[in-house]
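# Report on the structure
Now for the letters of each chain:
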Amino acid sequence: MTSEAEAPVEETTAEDTAAPEAGTDERELTEEERLVEEGEIAGDYLEQLLDVLDFDGDIDLDVDGDRAIVSIDGGDDLDQLVGRKGEVLDALQELTRLAVQQATGDRSRLMLDVARWRADRRTRLAQQGTDVAERVRETGEREELEPMTPFERKIVHDAVAAVDGVYSESEGAEPKRRVVVIKE
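Residues numbered from 1 in each chain as written. Predicted model: local features only at pLDDT ≥ 70, side-chain atom pairs only at ≥ 80, totals over all residues. Heavy atoms only, no water.

### Topic: the packing of helix H2 (residues 31-53) against helix H3 (residues 87-104)
Worth spelling out the cut-off: The convention used is that axes are lines fitted to C-alpha atoms, helices contributing only their stretch in contact, and that angles between N-to-C directions extend from 0 to 180 degrees. Note on conventions: DSSP H or I runs of at least 4 residues are helices, E runs of at least 2 residues are strands, and numbering of each starts at the N terminus. Orientation categories follow fixed angle ranges, with anything under 35 degrees roughly parallel, anything over 145 roughly antiparallel, 65 to 115 roughly perpendicular, and all other angles oblique. Crossing handedness: left-handed means the near helix sits turned counterclockwise from the far one by under a right angle, and right-handed means the same turn made clockwise. Note on contacts: a residue pair qualifies if any of its non-hydrogen atoms lie within 4.5 Å across the two residues. Side-chain classes are defined by residue name, with Ala, Val, Leu, Ile, Met, Phe, Trp, Tyr, Cys and Pro counting as nonpolar, Asp, Glu, Lys and Arg as charged, and the others, Gly among them, as polar.
Direction vectors running N to C along H2 and H3 enclose 125°, while the axes themselves pass 9 Å from each other. Taken together, the axis directions place H2 and H3 in an arrangement best described as oblique. For H2 against H3, the interelement crossing comes out right-handed. On the side of H2, the interface is formed by Glu38, Ile41, Ala42, Tyr45, Leu46 and Leu49, while H3 contributes Leu92, Leu95, Thr96, Ala99, Val100, Ala103 and Thr104. Here the residues of the contact of H2 with H3 are counted per class, giving 10 nonpolar, two polar and one charged.

This is how it looks when you write it as structure tokens:
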């Protein structure tokens, strides 16, 4: 009878020991390690998607500030994953974020880029913001830009803020919210 009583105690002790270790491991992850994990989950998800679609592409993972960055480059047909004005890319990014959330239990802010579309768009928007700000500073006339996503507006606001004598604000309601540049 002694051996029967010992067996459950050993099992309980093993379970009790295992549970805190799992929780401790999760709490010990640094922010960067958590973002790397998000990127790896996203990369696996996107790799499976590319296989299903029979698309070629190289997946690159990075961490920038407080986001995981996942890029797909190198395939001939990747423009199809961007779509008109990045609409397909936005949807694919949201699906990837949901896949990461399902795996981790936490909401993801990861950024997805395909065929450098977002990187190139960021460069163009920053230049546009600077150009408009300088024009408004010279003419004194307020200018409205085309409607943009919140992320795109932030890029323009940052570019305008770097030019003395002007400021920017957002006007309108989504999805037609736009940046307006005004002379101080």
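From this point on, the discussion continues.
### Some remarks on the pairing of strand S2 (residues 67-73)
Operational definition: Exposure categories follow from relative accessible area, calculated using a 1.4 Å probe and restricted to protein chains: below 20% of the type maximum is buried, above 50% is exposed, and the middle band is partly exposed. Two strands qualify as a pair provided that DSSP identifies no fewer than 2 bridges between them.
Burial runs high along S2: six of the seven residues are buried. Across seven bridges, the pairing between strand S1 (residues 58-64) and S2 is antiparallel. Across the sheet, the residue bridging to aspartate 64 is arginine 67, located in S2. In this antiparallel pair of consecutive strands, S1 and S2, the connection spans two residues, and glycine 65 shows a positive phi of 65°.

### Some details on the sheet that holds strand S3 (residues 111-114)
Sheet strands associate in pairs through backbone hydrogen bonding, adopting either a parallel or an antiparallel arrangement. Pairing in this open sheet of three strands is mixed, and the strands run S1-S2-S3 from one edge to the other. Single-partner strands in this sheet number two, and they are S1 and S3. Sheet twist, expressed as the average angle between the axes of neighbouring strands with direction ignored, equals 20°.

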